[in-house]
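Chains, contacts and geometry: an overview
Read off the chains here:
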Amino acid sequence: MSGKFNVLFLAPEVAPFAKTGGLADVAGSLPDALRRQGVDASICLPLYRTVKEGGFRLTRMIAGLEVPLGAGKLACTIWSGETSQGTPVYFIEREDLYDRPNLYRNPAGDYYDNFERFTFFSRAVLHFAQHAGIRIDVIHCHDWQTGLVPVYLKTLFRGEPFFLNTTSVFTIHNIGYQGLFPPEKLRLSGIPYSEFHPEGLEYWGQVSLLKAGIVYSDVITTVSPRYGKEIQTAEMGLGMEGILRKRSDSLYGILNGADYSQWDPAVDPHLPVRYSAEELKGKKECKTLLISEMGMNERMADKPLLGFISRLSGQKGCDLLLRVAHRVIEDGAGLAVLGAGEEHYEKAVAKLAEDHPGRIGVRIGFDEPLAHRIMAGSDILLVPSQYEPCGLTQLYALRYGTIPVVRATGGLADTITPFDQATREGNGFRFESFEPESFFSAIRQALSLYRKVRIWRQLAVSGMKADFSWDRSAESYLEIYRGLLTWDH
Ligand code: ADP
């Protein structure tokens, strides 16, 4: 690479500061991986309550930065901190917008002012960069919450000399979250109404901030090659397929990586006992302790234990899980579930534990340490997603010697290949059709192999040795950034 260039990551969640799902893992790890490759990467996110309460060391950088919203201006404070690997992180503080119990919603639904919250964030970042003189070659935006940034660069900020050489990348982590708002809201962003049309940021009479990111960014990426193709089809594009097909020359599918500084049983601080591919003994102990932590019967330590760690939503295949759970139990296996999300799924999943006390353990809520312990203590991880842009849990499972059973979709299909007893190739079990029967039959295959102790162990160990780290993916992003820098715009 000739000379360092600057990439500013803009994400609505970044681990370990604020997390509801995989996007946070990506936004917390990819910038570190890019820095290892010589990129001057930094990160920006809102200063949520979880950041305030997380005990992170932050320094106040700018106070009273005024940012337009609607007809007025709101002041915000900028704080700086860093990731554990030393990547600078900037936080936009505005208490009335971000100091709330959750990131996007409360139990009654999405926060009513999400448009205002993320429009303000998007615009504040640009004002902040300009004010602080932080040169940006590439602004890398993630998901709908940051979709207005590429629009700003092509409209309100177009003539600004400071942003003359700034290009934008927009990454789609999930096409199902489209950031839809009534058109009247657009006024608050300052973006001219002339951009509200079907080739711009209109989506069937509404403003879509996801579409805004797709249409106005210089390059679009998504988080696996297969998902990149799927979202261009009518079945899986959820209405965005047309606009994505139009931009297919600028659309790239790059697989997410696993951050092994956070997810590796040899160093994981959340585990009661550490283990590795060379020394697997500790895994059995993790299982015994997990069974007790989940309130399950200690006899279950001798049975196969299935884990499920997920947002509880239709996308994640909760319906399939609910349909097969009792059959799994009839087959003698145990089930450990950790999840939070839609209320009706939370109730239904909690009832599983009531219906099968001792055999199914359930924890409703978001619990990072427990997620690690279930990853380590389970023999099999279930990921029966209806669609899955990349999926990280199956990658973590491999590293923990936990065999994934996944639906063959998106990134799950790109990373998990069916195990073949004859050739000993493959790293897990897959099913195609989104039906309980297919799911159960894949689970059965896994349970039957589990009894062949030696082969099972070989499968676990080879999964643990596989490398899904960020470095290769970071190189692909680097290539995209390089392409943009030589771009005549
Ligand atoms: P998605 O981003 O669609 O939720 P991913 O598989 O990409 O799915 O990432 C999920 C991440 O969120 C993983 O790090 C997983 O461990 C974590 N996770 C999901 N649900 C929970 C939960 N209830 N408690 C703790 N961590 C969770």
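1. As for the domain arrangement of the protein chain
Interface extent is often summarised as the accessible area lost during association of the parts. By the assigned domains, the protein chain splits into domain 1 (6–257 + 471–484) and domain 2 (281–467). A straight line from the C-alpha centre of domain 1 to that of domain 2 covers 32 Å. Listed as interface residues are 21 residues of domain 1 and, on the opposing side, 19 residues of domain 2. Note on domain 1 versus domain 2: buried area summed over both sides is about 1500 Å², and carbon and sulfur give 55% of it.

2. Structural notes on the packing of helix α11 (residues 318–330) against helix α12 (residues 343–355)
Between α11 and α12, whose axes approach to 11 Å, the crossing angle comes to 20°. With respect to α12, the axis of α11 lies roughly parallel. Regarding α11 and α12, the two cross each other, and that crossing is left-handed. Touching C318, D319, L322 and A325 of α11 are Y345, A348, V349 and L352, all from α12. Per-class residue counts for the contact of α11 with α12 are 7 nonpolar, no polar and 1 charged.

3. Quick look at the sheet that holds strand β4 (residues 72–82)
Sheet architecture is open: 9 strands sit in the order β3-β4-β5-β2-β1-β8-β9-β13-β14, paired in mixed fashion. With partners counted over all chains shown, the strands left at the sheet margins are β3 (59–69) and β14 (251–253), one partner each. Averaged over all pairs of adjacent strands, the angle between their axes in this sheet comes to 25°, without regard to strand direction. Pairing geometry for strand β2 (residues 40–46) and strand β5 (residues 88–93), over 4 bridges, is parallel. Opposite I43, over in β5, you have V89 as the bridge partner. In the packing of helix α7 (residues 209–216) onto the sheet, the strands contacted are β9 (167–172) and β13 (219–222), and the crossing angle to β9 comes to about 135°. Set on the sheet, helix α18 (residues 470–485) makes contact with β1 (6–10), β8 (138–142), β9, β13 and β14; between it and β9 the angle comes to about 150°.

4. A word on the pairing of β13
Here β13 shows no split at all, with V219 and T221 on one side and I220 and T222 on the other all buried. With 4 bridges joining them, β9 and β13 adopt parallel strand pairing. Among the inter-strand pairings, V169 is bridged to a residue of β13, identified as V219. For β13 and β14, the ladder comprises 3 bridges, and the chain directions are parallel. By the bridge assignment, I220 is partnered in β14 with L251.

5. Topic: the packing of aromatic side chains
The geometry of two aromatic rings is summed up by the distance between their centres and the angle between their planes. Throughout the structure, instances matching the rule amount to 19 aromatic pairs. Here F115 and F181 contribute two aromatic rings whose centre-to-centre distance is 5.2 Å and whose plane-to-plane angle is 70°, an arrangement assigned as edge-to-face. Taken together, the residues span a long stretch of sequence, with F115 in helix α4 (residues 114–132) and F181 in strand β10 (residues 180–181) at a distance of 66 residues. Using a relative accessible area of 11% as the deciding quantity, one classes F181 as buried.

6. Looking at unusual backbone geometry
Cis peptide bonds are those with omega within 30 degrees of zero, and the linkage from A15 to P16 qualifies with 5°. Relative to the helices and strands, P16 resides in the loop between β1 and α1 (22–36). At L238, a residue that is not glycine, the phi angle is positive and equals roughly 45°. Here L238 is to be found in the loop between α8 (225–230) and α9 (241–246). Positive phi is not limited to glycine here, since R424 has a value of about 65°. Here R424 shows up in the loop between α15 (410–415) and β20 (429–431).

7. A short note on α4
In an α-helix, one turn spans 3.6 residues, which is why side chains three or four residues apart end up on the same side. Relative to the 27 Å expected for 19 residues at 1.5 Å per residue, α4 spans 26 Å between its end C-alpha atoms, a close match to the ideal helical length. Burial of α4 is extensive: 16 of the 19 residues sit out of reach of the surface.

Rules used throughout
Residues numbered from 1 in each chain as written. Predicted model: local features only at pLDDT ≥ 70, side-chain atom pairs only at ≥ 80, totals over all residues. Heavy atoms only, no water. Domains from an automatic or database assignment. Contact = heavy atoms within 4.5 Å. Buried area = accessible area lost by both parts, 1.4 Å probe. Axes fitted to C-alpha atoms, helices over the stretch in contact; angles between N-to-C directions. Helix = DSSP H or I, 4+ residues; strand = E, 2+ residues; numbered from the N terminus. Parallel < 35°, antiparallel > 145°, perpendicular 65-115°, else oblique. Left-handed = near helix turned anticlockwise from the far one by under 90°. Nonpolar A, V, L, I, M, F, W, Y, C, P; charged D, E, K, R; others polar. Pairing = 2+ DSSP bridges. Buried < 20%, exposed > 50% of the residue type's maximum accessible area, 1.4 Å probe, protein only. Phe/Tyr/Trp six-rings, centres within 6.5 Å; stacked < 30°, edge-to-face > 60°. Expected span 1.5 Å × (residues − 1).

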